[in-house]
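Structural features, examined
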Amino acid sequence: MAESGYVSVEPPMVSAYTIPADAPEADGTFAWDTTTIVVAEVSAGDVTGTGWTYAPAATVDLVREQLSPVLAGRDALDIPAAHDALTKAVRDSGREGLAARAISALDIALWDLKARLFEVPLVRLVGAARDDVPVYGSGGFTTYHDTHLAAQLNGWVHGQRIPRVKIKVGESWGRAAARDVSRVRRARDVIGRQAELYVDAGGAYTRKQAVRIGRVLAEHGVGWFEEPVSSDDLRGLALVRDALVCDVAAGAYGHGLPYFARMIPSVDCLQADATRCGGLTAWLRAAALAEAHGLEVSARGAPHAHAAVAACVPNLRHVEWFHDHVRVESIVFDGVLDPTGGTVRPGGGTGHGLRLRTPDVEEYRVA
């Protein structure tokens, strides 16, 4: 680092890669067969930090045109100032959507950069609250046939010994409720009685429908009901939460503290996604906000972006070991973690421990 203590950030490099899925995938409201990851590399001298988000390739242009001029030349050590400047830069164009995801990628890269400048793991830079981070296997897409679903669940629970798993329900905007229940019953048969079983409806159900289905799912030991109704329907979330014994969770699409402050009174566990909500800076603030209201926080998706900071909050419930993002991150980066036993342990090497596999991923590059 410079003797003056000021470490100037260079204009970030940003790229996008589209990775085909290993099978057609869908949840209750959306279907896809590829996943695009946008990677930001932020350097100061000969040290580079890496961040990413899952977003359309158009995010690359937004970073280059709107955010790169704001970030270049700033002090790499003053992440709160950089985060604030980036947020203010998109006020007129809108903080949600692509802008929030672009800021998220840059913020994750800044935290990685700072830890690498100090030559410490990111978990040590922030300060650990625990050694191990619990994860849950997540996938079980509505497009999977029973054999595929069973193989995935078996791999997590009986192969990798991950004692908690989640599948998608709410197929076709809630119009296939009988199949939803059948798939949950099948999942329970596969994983046994000891493993925890979660479901994610993706906001596909109506309020009363979610209550009716939730009571049936409780008979199969479902303890986590994610987005039973739209995450925009805060009153509906609260209604479902109060009517069911399982925990109701939401917040995966959150951006900024006002969103999470509005969400907290309606859920049992707050979800937050550092690749969507504004990066690790915003994720840590959301976790603190949840703790102030007596709630746990769960990291949604992008497990390797969350592992280090998840170990730094006392009110963590778990990190989502999401099938799509695990595949993409293992293809795009070196340094991925092993969830065998149901936990991961961040802290190897410096920063968050991941490096872009250039030029190995050039075949997937789209921007």
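Residues numbered from 1 in each chain as written. Predicted model: local features only at pLDDT ≥ 70, side-chain atom pairs only at ≥ 80, totals over all residues. Heavy atoms only, no water.

On to the overall build of the chain. Secondary structure assignment for the chain yields 13 helices and 14 strands. Taking 367 residues into account, the globule formula puts the C-alpha radius of gyration at 21 Å, and the chain, at 20 Å, falls close to it. By its C-alpha atoms, the chain is 65 × 40 × 35 Å across when sized along the principal axes. Across the 367 residues that make up the chain, the buried fraction comes to 58%. For the chain, contacts bridging at least 24 residues in sequence account for 69% of all contacts bridging at least 6. Carbon and sulfur atoms make up 49% of the accessible area of the chain, which amounts to about 14300 Å² in all. (Helix = DSSP H or I, 4+ residues; strand = E, 2+ residues; numbered from the N terminus. Rg over C-alpha atoms; globule rule 2.2 N^0.38 Å. Buried < 20%, exposed > 50% of the residue type's maximum accessible area, 1.4 Å probe, protein only. Contact = heavy atoms within 4.5 Å. Areas by Shrake-Rupley, 256 points an atom, 1.4 Å probe, with all protein chains shown as cover.)

Bringing the sheet that holds strand β3 (residues 47-54) into the picture now. What the three strands build is an open sheet, ordered β1-β2-β3; its pairing is antiparallel. The sheet terminates laterally at β1 (13-26) and β3, the two strands that pair on one side only. Averaged over all neighbouring strand pairs, the angle between strand axes comes to 25°, with direction disregarded. The sheet contact formed by β1 and strand β2 (residues 31-44) spans ten bridges and is antiparallel. (Pairing = 2+ DSSP bridges. Axes fitted to C-alpha atoms, helices over the stretch in contact; angles between N-to-C directions.)

On to the packing of aromatic side chains, then. The tally for this structure, following the rule as stated, stands at ten aromatic pairs. Between the aromatic rings of Tyr 259 and Phe 260, the centroid separation amounts to 5.6 Å while the plane-to-plane angle is 80°, which identifies the pairing as edge-to-face. Each member of the pair, Tyr 259 as well as Phe 260, is classed as buried. Through successive ring pairs, a cluster of aromatic residues spans Phe 30, Trp 32, Phe 141, Tyr 144 and Phe 322. One Lys or Arg, Arg 300, reaches over the ring of Phe 322 and ends 5.9 Å from the middle of that ring. (Phe/Tyr/Trp six-rings, centres within 6.5 Å; stacked < 30°, edge-to-face > 60°. Lys NZ or Arg CZ within 6 Å of the ring centre and 35° of its normal.)

In this section: the pairing of strand β7 (residues 222-226). Counting buried positions along β7 gives four out of five residues, so the element sits mostly inside the fold. In terms of strand pairing, strand β6 (residues 196-200) meets β7 through four bridges, oriented parallel. Residue Val 199 lies in a different strand from β7, and its bridge partner there is Phe 225. Following the chain from β6 across helix α8 (residues 207-218) to the adjacent parallel β7, one finds a crossover that is right-handed. For β7 and strand β8 (residues 247-250), the ladder comprises three bridges, and the chain directions are parallel. Along β8, the bridge assignment pairs Glu 226 with Ala 249. Crossover β7 to β8 through helix α9 (residues 234-243) is right-handed. (Right-handed = clockwise from strand over helix to strand, strands pointing away.)

It is worth spelling out the environment of Tyr 259 at this point. By the element assignment, Tyr 259 lies in helix α10 (residues 256-263). Accessibility expressed as a relative area gives 11% for Tyr 259, which makes it buried. Remark: the alpha-carbon pair of Tyr 259 and Asp 27, spanning 232 residues in sequence, is separated by 23 Å. Setting aside residues no more than four positions away along its own chain, Tyr 259 makes contact with Ser 231, Gly 251, Tyr 253 and Gly 254.

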